[in-house]
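# Commentary on secondary and tertiary structure
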Amino acid sequence: MADGTSSSGRASALVLAAQREGRVDPLAAAHNITHKCMVPVAGMPLIEHVVQSLVTSPDIGEVLISIENPAVVRDVPAFQPYLKSGRVRIVRSRDNLADSVADAAKEAEMPLLITTADNVLLTHAMIRELIEGATAADVALGLARREAVLAAHPEGQRRFYEFYDGVFSNCNLYWIGNREALKAIEIFRTGGQFVRHPGRILKALGLINLIAFIFGVGSAAGALRRISRRLGLTLKSVTMSDGAAAI
């Protein structure tokens, strides 16, 4: 367990691989397996693509995998040397996303990059772009403009947030710059699916931000400034140059 900044000068990384209780992902069911993160793509489980990108990145130190059943990923052959060396660790997830991130963060040195086990197109360039863009921020999130996403793949993403300054998609890339910033994870306690459940924005971030998300009122930067004031933190978006980051 670490209490402060990484002594290596590199960020830690957290890969979220747990499934919601009582739910089997349709893609996993189609492959007759229990977890989406183990669905094979190009001969490798989804999560293997993500972890390999992280452990081979010069900007990332330790990698933690958060999952409710560690046995699901413990025997992936490619993970064995990293598990033995301690470069990769598996931590048991909690019943909700916020507590899972909080528990894993206790085991990690700051700063912390967070992504999901199905983010298979993650590259070293994306990792570095997020880290460089998150400079001086307590919390940052990667966004991609709609035109960049559609250029990468015309049907790669269908969910977008509309603002006056652009239409964006979430890249499932997040940055926690310090331990104080961990209080920002409370906005995801009920799952973080704001597009499907706008009431969660109202509860977590207030009426103004709910209106902004639903009706595209104001700019994305303005919305983040309002959220920053509400949380008492500096939040920042990083616009990813490669639209594949949102696929």
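As shown above, the structure is provided for reference.
Along each chain, residues carry numbers from 1 onward, in the same order as the chain's sequence is written. Totals for whole chains, interfaces and linings use all residues, but because this is a predicted model, local features are given only for residues with pLDDT of at least 70 and pairs of side-chain atoms are given and counted only at 80 or more. No hydrogens and no water enter the side-chain calculation; it runs on all heavy atoms of the structure.

Okay, the overall build of the protein next. We count a stretch as a helix when DSSP gives it H or I for four or more residues in a row; a strand needs E for two or more, and each element gets its number in order from the N terminus. The helix and strand inventory of the protein stands at 10 helices and 10 strands. Throughout this description, buried means an accessible area under 20% of the type-specific maximum (1.4 Å probe, protein chains only), exposed means over 50%, and partly exposed covers the range between. By residue count, 48% of the 247 residues in the protein fall in the buried class. The long-range fraction of contacts in the protein, counting pairs at least 24 apart against all pairs at least 6 apart in sequence, stands at 74%. Here the protein displays about 11,900 Å² of accessible surface, and carbon together with sulfur accounts for 54% of that area. Pairs of residues are marked as contacts when any of their non-hydrogen atoms sit within 4.5 Å. Per-residue and other accessible areas were derived by the Shrake-Rupley procedure at a 1.4 Å probe size, with only the shown protein chains allowed to occlude residues.

Within this document, salt bridges are pairs made up of a side-chain nitrogen of Lys or Arg and a carboxyl oxygen of Asp or Glu, the two lying within 4 Å of each other. Taken as a whole and judged by the stated rule, the model has 8 salt bridges. Put simply, K36 and D118 hold a salt bridge, and the shortest N to O gap is 2.9 Å. In this pair, K36 sits in the loop between α1 (26-30) and β2 (40-41) while D118 sits in the loop between β6 (112-116) and α6 (124-133), placing the two residues 82 residues apart along the sequence. Residue D103 pairs with R94 through a salt bridge whose shortest N-O separation is 3.0 Å. Sharing partners across several salt bridges, the network here consists of R94, D99, D103 and K106.

As a further point, take the pairing of strand β1 (residues 11-16). Within β1, 6 of the 6 residues are buried, leaving the element largely enclosed by the surrounding structure. Side chains of β1 alternate between two faces, with A11, A13 and V15 and S12, L14 and L16 buried alike. Two strands are said to pair when DSSP picks up at least two bridges between them. Examined bridge by bridge, β1 and strand β4 (residues 60-67) share 5 bridges and lie parallel to one another. In the sheet register, L16 faces β4, and the bridge partner there is S66.

Before going further, it helps to spend a moment on helix α10 (residues 220-231). To estimate the expected span of a helix, count its residues, drop one, and scale the result by 1.5 Å. With 12 residues, α10 should cover 16 Å at 1.5 Å per step; its first-to-last C-alpha distance of 16 Å lies within 8% of that length. Listed as buried for α10 are A220, G222, A223, L224, I227, S228 and L231. Positive phi appears at G232, one or two residues downstream of α10, with a value of about 70°.

Its place among the elements puts S100 in helix α5 (residues 97-106). Among residues more than four places away in sequence, those in contact with S100 are S66, S93 and R94.

The next point concerns unusual backbone geometry. The step from M110 to P111 runs through a cis peptide bond, and the omega angle for that step is 0°. With respect to the helices and strands, P111 occurs in the loop between α5 and β6. Even without being glycine, N32 reaches a positive phi, approximately 60°. Relative to the helices and strands, N32 is located in the loop between α1 and β2. What makes N32 exposed here is its relative accessible area of 71%. A positive phi angle, near 75°, is found at A136, a position not held by glycine. On the secondary structure map, A136 appears in the loop between α6 and β7 (139-145). On the basis of relative accessible area, A136 is assigned to the exposed category, the value being 74%.

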